Amino acid sequence: MPLLLEVNQASKIFGGLKALDGVSMEVREGEIFGLIGPNGAGKTTLFNLVSGALPVSGGRIFFRQKEISLLPDYRICRLGIARTYQNIRLFGKMTVLENVMVGRHSRTRGGLWSTVLRLPGDQAEKVRSRKIAEEWLEFFHLLGKKEEKASNLAYGEERRLEMARALATEPSLLLLDEPSAGMNPQEVRDLNDLILKIRRQGKTIFIIEHNMRVIMDICDRIAVLDFGQKIAEGPPAEVRANPRVIEAYLGREA
Ligand SMILES: Nc1ncnc2c1ncn2[C@@H]1O[C@H](COP(=O)(O)OP(=O)(O)O)[C@@H](O)[C@H]1O
Ligand SMILES: [Mg+2]
């Protein structure tokens, strides 16, 4: 499969702290690629670099061979990378549908608030945006709740709404930051099914995960970060048996 995302020696320094220290990895089209590692290992920071939320301190990132290392987030979004957040970020006072529409408008310059207040003038684009938003709501079984306030949703629904919002920007690469956090085993199984279904829509998935059930059941390959460095990469079963990984991550978990 062709290379979609290439992270080449990426570093991120916060003050004196090297949150990421020369990390490289590649995600291929159609893959479900997992990223694991202890708390504070730098996983979310890597997503922040790839999505353009933060600039790299060093190294380069390519998406479809195009360098995106220093592009602002809305341009990276337009190129086809969307994400969800470890801590859910929804607009509680807006409706479910509006939350997804906001995601679409964040493809354009100007930031969230100005785009909320000033929808694009072009009527055809509005109609198309709404149609895509509703299609993704239907995909996540949320269409029946589209006029509800987001703050009325149950936790699992909020997680699905975040995914709908990201996918409504029509990405080819979806970044999921610990989507199973706080879910019970049944919810985790449902989430796995959903992620596999998202892939069947032609999406590539890069997922940060804590839950071994998600990693083992759906990831094609995984990479492990520890203290800002990649310490292993490969198929999940192989990586899980790697002594260095057991020591750094699984050992501490257990
Ligand atoms: N915006 C930031 N400013 C300062 N330090 C940060 C920032 N984001 C993350 N860090 C620090 O970088 C390290 C890696 O954090 P993070 O990427 O969130 O880890 P993970 O997602 O693997 O738990 C942590 O020590 C964290 O405190
Ligand atoms: Mg994190």
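Rules used in this analysis
Residues numbered from 1 in each chain as written. Chains lettered and ligands numbered in written order. Predicted model: local features only at pLDDT ≥ 70, side-chain atom pairs only at ≥ 80, totals over all residues. Heavy atoms only, no water. Axes fitted to C-alpha atoms, helices over the stretch in contact; angles between N-to-C directions. Helix = DSSP H or I, 4+ residues; strand = E, 2+ residues; numbered from the N terminus. Left-handed = near helix turned anticlockwise from the far one by under 90°. Contact = heavy atoms within 4.5 Å. Nonpolar A, V, L, I, M, F, W, Y, C, P; charged D, E, K, R; others polar. Domains from an automatic or database assignment. Buried area = accessible area lost by both parts, 1.4 Å probe. Salt bridge = Lys/Arg side-chain N within 4 Å of Asp/Glu carboxyl O. Polar contact = N/O pair within 3.5 Å; in protein donor to acceptor, adjacent residues only side chain to side chain. Pairing = 2+ DSSP bridges. Donors = N, O, S within 2.8 Å, 3.2 Å for Na, K, Ca; no water. Buried < 20%, exposed > 50% of the residue type's maximum accessible area, 1.4 Å probe, protein only.

A.B. asks: So what exactly am I meant to see when it comes to the packing of helix α3 (residues 96-105) against helix α6 (residues 155-167) here?
C.D. replies: It is at 7 Å that the axes of α3 and α6 come closest, and there the two elements cross at 35°. In this structure, the crossing between α3 and α6 has a hand that is right-handed. Here α3 contributes Val96, Asn99, Val100 and Gly103 to the contact with α6, which in turn contributes Leu161, Ala164 and Arg165. The residue inventory of the contact of α3 with α6, partitioned by class, reads four nonpolar, two polar and one charged.

A.B. asks: Help me understand the domain arrangement of the protein chain, please; the structure alone is not making it clear to me.
C.D. replies: Accessible area lost when the parts come together is the quantity often used to give the size of an interface. By the assigned domains, the protein chain splits into domain 1 (1-80 + 171-254) and domain 2 (91-169). Distance from the C-alpha centre of domain 1 to the C-alpha centre of domain 2: 25 Å. Contacts between the two partners involve 18 residues from domain 1, matched on the other side by 14 residues from domain 2. The largest share of the area that domain 1 buries against domain 2 comes from Tyr74, Pro171 and Leu194, three residues that together contribute 31% of it. Taken together, the connections running from domain 1 to domain 2 amount to zero salt bridges. Taken together, the connections running from domain 1 to domain 2 amount to one residue pair in polar contact (both at pLDDT 80 or more). Secondary-structure elements contributing two or more residues to the side of domain 1 that touches domain 2 are α2 (73-79), β7 (173-177) and α7 (185-200). Examining the composition of the side of domain 1 that touches domain 2, we find that four residues originate from one element, α7, more than from any other. Split by residue class, the side of domain 1 that touches domain 2 holds eleven nonpolar, two polar and five charged.

A.B. asks: Looking at this structure, I do not really get the sheet that holds strand β1 (residues 3-14). What am I missing?
C.D. replies: As summarised here, the arrangement of the four strands in space is β2-β1-β4-β5, forming an open sheet in which the pairing is antiparallel. Edge positions in the sheet fall to β2 (17-28) and β5 (66-67), since each has one partner strand and no second. The pairing of β1 with strand β4 (residues 58-63) spans five bridges and is classified as antiparallel. Bridge assignment links Glu6 to a residue of β4, and that residue is Phe62. Where helix α1 (residues 43-50) meets the sheet, its contacts fall on β1, β2 and β4, and the angle it forms with β1 comes to roughly 115°.

A.B. asks: It is not clear to me how the coordination of the magnesium ion (ligand 2) should be interpreted in this structure. Could you clarify?
C.D. replies: By definition of the ideal shapes, a tetrahedral metal site with four donors has angles of 109.5 degrees and an octahedral site with six donors has angles of 90 or 180 degrees. Within the protein, the magnesium ion (ligand 2) binds to Thr44 (OG1) and Gln86 (OE1); these donor distances fall in the range 2.0 to 2.2 Å. With Thr44 in helix α1 and Gln86 in the loop between β6 (81-83) and α3, this pair connects stretches of sequence that are 42 residues apart. Accessibility expressed as a relative area gives 25% for Thr44, which makes it partly exposed. Among the residues examined, Gln86 registers a relative accessible area of 29% and is labelled partly exposed.

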